[in-house]
Amino acid sequence: MDRYICEPCGYIYDPAEGDPDNGVEPGTPFENLPEDWVCPVCGATQDMFVKE
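The structure displayed is predicted, hence computed values, not measured ones.

Caption draft 1: Here's a closer look at the overall build of the protein chain. Assigned secondary structure in the protein chain consists of 0 helices and 3 strands. Reading the protein chain from its N end, one meets helices and strands in the order β-β-β. Relative to a compact globule of 52 residues, whose C-alpha radius of gyration would be 10 Å, the protein chain shows 10 Å and is just as compact. Taking all 52 residues of the protein chain together, the buried fraction comes to 33%. Taking as baseline every contact in the protein chain between residues at least 6 positions apart, the subset at least 24 positions apart corresponds to 44%. With the model as given, the accessible surface of the protein chain reaches about 3,300 Å², and the carbon-plus-sulfur share is 46%.

What follows is the structure, encoded as structure tokens:
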């Protein structure tokens, strides 16, 4: 699964890790994130992420 980088802050969303603190289980591909999920570091929306 592809990792995605938040362009504004550099946070990397790794599907293998997910984002458990924000309700995203490990193994969740970026494409399957909830629509309201935002970067846990800076709050950027998903359209601000690029594939690593």
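Caption draft 2: Here's a closer look at the pattern of salt bridges. Tallied over the full model, the rule gives 3 salt bridges. Close ionic contact of D2 with K51 constitutes a salt bridge, the shortest N to O distance being 3.4 Å. With D2 in the segment before β1 (4-6) and K51 in strand β3 (residues 49-51), this pair connects stretches of sequence that are 49 residues apart. A residue is classified by how much of its surface remains accessible, and D2, at 38% relative accessible area, is partly exposed. Of the charged contacts, one joins R3 and D14 as a salt bridge, the two residues approaching to 3.8 Å between their closest N and O atoms. Of this pair, R3 sits in the segment before β1 while D14 sits in the loop between β2 (12-13) and β3, and the two are 11 residues apart along the sequence. Look at the salt bridges and you will find they share partners, linking R3, D14 and E52 into a network.

Caption draft 3: Representation of the environment of D2 within the structure. Taking the C-alpha atoms as reference points, D2 and G43, separated by 41 residues in sequence, lie 21 Å from one another. Residues contacting D2, with those up to four places away along its chain left out, are P15 and K51. Polar side-chain contacts of D2 include one of 3.4 Å to the side chain of K51.

About the cut-offs
Residues numbered from 1 in each chain as written. Predicted model: local features only at pLDDT ≥ 70, side-chain atom pairs only at ≥ 80, totals over all residues. Heavy atoms only, no water. Helix = DSSP H or I, 4+ residues; strand = E, 2+ residues; numbered from the N terminus. Rg over C-alpha atoms; globule rule 2.2 N^0.38 Å. Buried < 20%, exposed > 50% of the residue type's maximum accessible area, 1.4 Å probe, protein only. Contact = heavy atoms within 4.5 Å. Areas by Shrake-Rupley, 256 points an atom, 1.4 Å probe, with all protein chains shown as cover. Salt bridge = Lys/Arg side-chain N within 4 Å of Asp/Glu carboxyl O. Polar contact = N/O pair within 3.5 Å; in protein donor to acceptor, adjacent residues only side chain to side chain.

In short, geometric facts, not functional conclusions.
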